[in-house]
Amino acid sequence: MIRICVINLVFASLLGCALHAQDAEPKEPFILEVGEYSLVDLIKSSGEYLDRHYIYNPKEVENASNGMVVIDRRMELDQRACDEVTCTLFYTRGFARITRDKERGIYELIAMTGPKRSELSSCAEYVPLARVGEYRGLQGVTILTTVPLKHINANTVQNQLRPFFAQGGAGGIGLTPGSVGNGRALLLQGFAPQVNQAVEIIRKIDAAAAETRAEEDKSLQARMALLEKQVAELKAALEKR
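All figures in this text were calculated on a predicted structure; none of them were measured in a lab.

Draft legend 1. Layout of the environment of G183. Within the fold, G183 resides in the loop between β10 (176–179) and β11 (185–191). You can call G183 buried: its relative accessible area is 0%. A C-alpha to C-alpha distance of 8.5 Å links G183 and T156, two positions 27 residues apart in sequence. Those residues within four positions of G183 in sequence are excluded, and the remaining contacts are I152, N153, A154 and N155.

Draft legend 2. Local environment of the side chain of T145. Its place among the elements puts T145 in strand β9 (residues 142–148). Of the residues examined, T145 reaches a relative accessible area of 0% and is grouped as buried. A distance of 2.8 Å separates the side chain of T145 from the backbone oxygen of V127, its partner in a polar contact.

Draft legend 3. Layout of the packing of aromatic side chains. This model, assessed by the stated rule, comprises four aromatic pairs. A centroid spacing of 6.4 Å and a plane angle of 75° characterise the contact between Y54 and F90, whose relative ring orientation is edge-to-face. Of the two residues, Y54 sits in strand β3 (residues 53–55) while F90 sits in helix α4 (residues 79–92), which places them 36 residues apart along the sequence. Each member of the pair, Y54 as well as F90, carries the same accessibility label: buried. With a centroid separation of 6.3 Å and an interplanar angle of 50°, the aromatic rings of Y54 and Y107 are classed as tilted. With a gap of 53 residues between them, Y54 in strand β3 and Y107 in strand β7 (residues 106–111) connect regions that are remote in the sequence.

Draft legend 4. Fine view of the state of the cysteines. One pass over the structure, following the stated rule, counts zero disulfides. Distance from the sulfur of C87, which forms no disulfide, to the nearest cysteine sulfur (C82) is 9.2 Å.

Draft legend 5. Just the pattern of salt bridges, in detail. Summed over all chains, the structure comprises 11 salt bridges. Notably, a salt bridge pairs E84 with R80, separated by 3.2 Å at the nearest N-O pair. Here E84 pairs with R80, and both are found in helix α4, just four residues apart, close to one helical turn. Overall, R80 belongs to the partly exposed group, its relative accessible area being 41%. In this structure, D83 engages R97 in a salt bridge whose closest nitrogen and oxygen atoms are separated by 2.7 Å. Here the residue D83 occupies a position in helix α4, and R97 occupies one in strand β6 (residues 95–101), the gap between them amounting to 14 residues. For the pair D83 and R97, one class covers both residues: buried. Through salt bridges with shared partners, one network takes in R100, E108, K116 and E119.

Draft legend 6. Just helix α2 (residues 39–50), in detail. Compared with an ideal rise of 1.5 Å per residue, which puts 12 residues at 16 Å, α2 spans 16 Å between its outermost C-alpha atoms and is within 8% of the ideal. Among the residues of α2, L39, V40, L42, I43, S46, G47, Y49 and L50 are the ones counted as buried.

Criteria and thresholds
- Residues numbered from 1 in each chain as written.
- Predicted model: local features only at pLDDT ≥ 70, side-chain atom pairs only at ≥ 80, totals over all residues.
- Heavy atoms only, no water.
- Helix = DSSP H or I, 4+ residues; strand = E, 2+ residues; numbered from the N terminus.
- Buried < 20%, exposed > 50% of the residue type's maximum accessible area, 1.4 Å probe, protein only.
- Contact = heavy atoms within 4.5 Å.
- Polar contact = N/O pair within 3.5 Å; in protein donor to acceptor, adjacent residues only side chain to side chain.
- Phe/Tyr/Trp six-rings, centres within 6.5 Å; stacked < 30°, edge-to-face > 60°.
- Disulfide = S-S within 2.5 Å.
- Salt bridge = Lys/Arg side-chain N within 4 Å of Asp/Glu carboxyl O.
- Expected span 1.5 Å × (residues − 1).

The following block contains the structure:
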């Protein structure tokens, strides 16, 4: 009896390893063949591949004015590429995507000129700064992040860059900066590619400010050393009189 139990345990262990190995195998690519696709086709096929539920207004999505999406070159896409490409295709047809329930894979496609366009801002997904780069290829996905600053003031950056950031993009959605009370962090909200680009620019500006400050400190130290030397020489001259 004990021997049978041991055999069963070994078999169960081997079966579990086999199933785990099977789960670890890469998923087959998402294929977009050459041809024309409706938005509904893309929504259903990509949703099935990514294991997502897409909510949308059929009247908006099936509107003939949106046209067909034409693919003139066959594409084999992994999960991330599928997400990025389909987001781009939706975006080119005037639709953005918001997250309703990420854990359960529920997303909504919203017409950027439709009655629900205000939700593109109010439902922006918060993304930690370290992960913003992962979203850089997601056209039409609004995100919110915080950029800490070490050498420049967030209020100054916000005021100086607002004319560039606030220009309306698709559907009137621009990149919106905002500062936290202490001026040591900047809030950014907008479409993911623009947020990612702004983060890179602000980091470079902050780093450049550090270099400028270091040069100024070095120059100030040199001037102080020269002044101390001149004072010492003057003092020595006075003592000789």
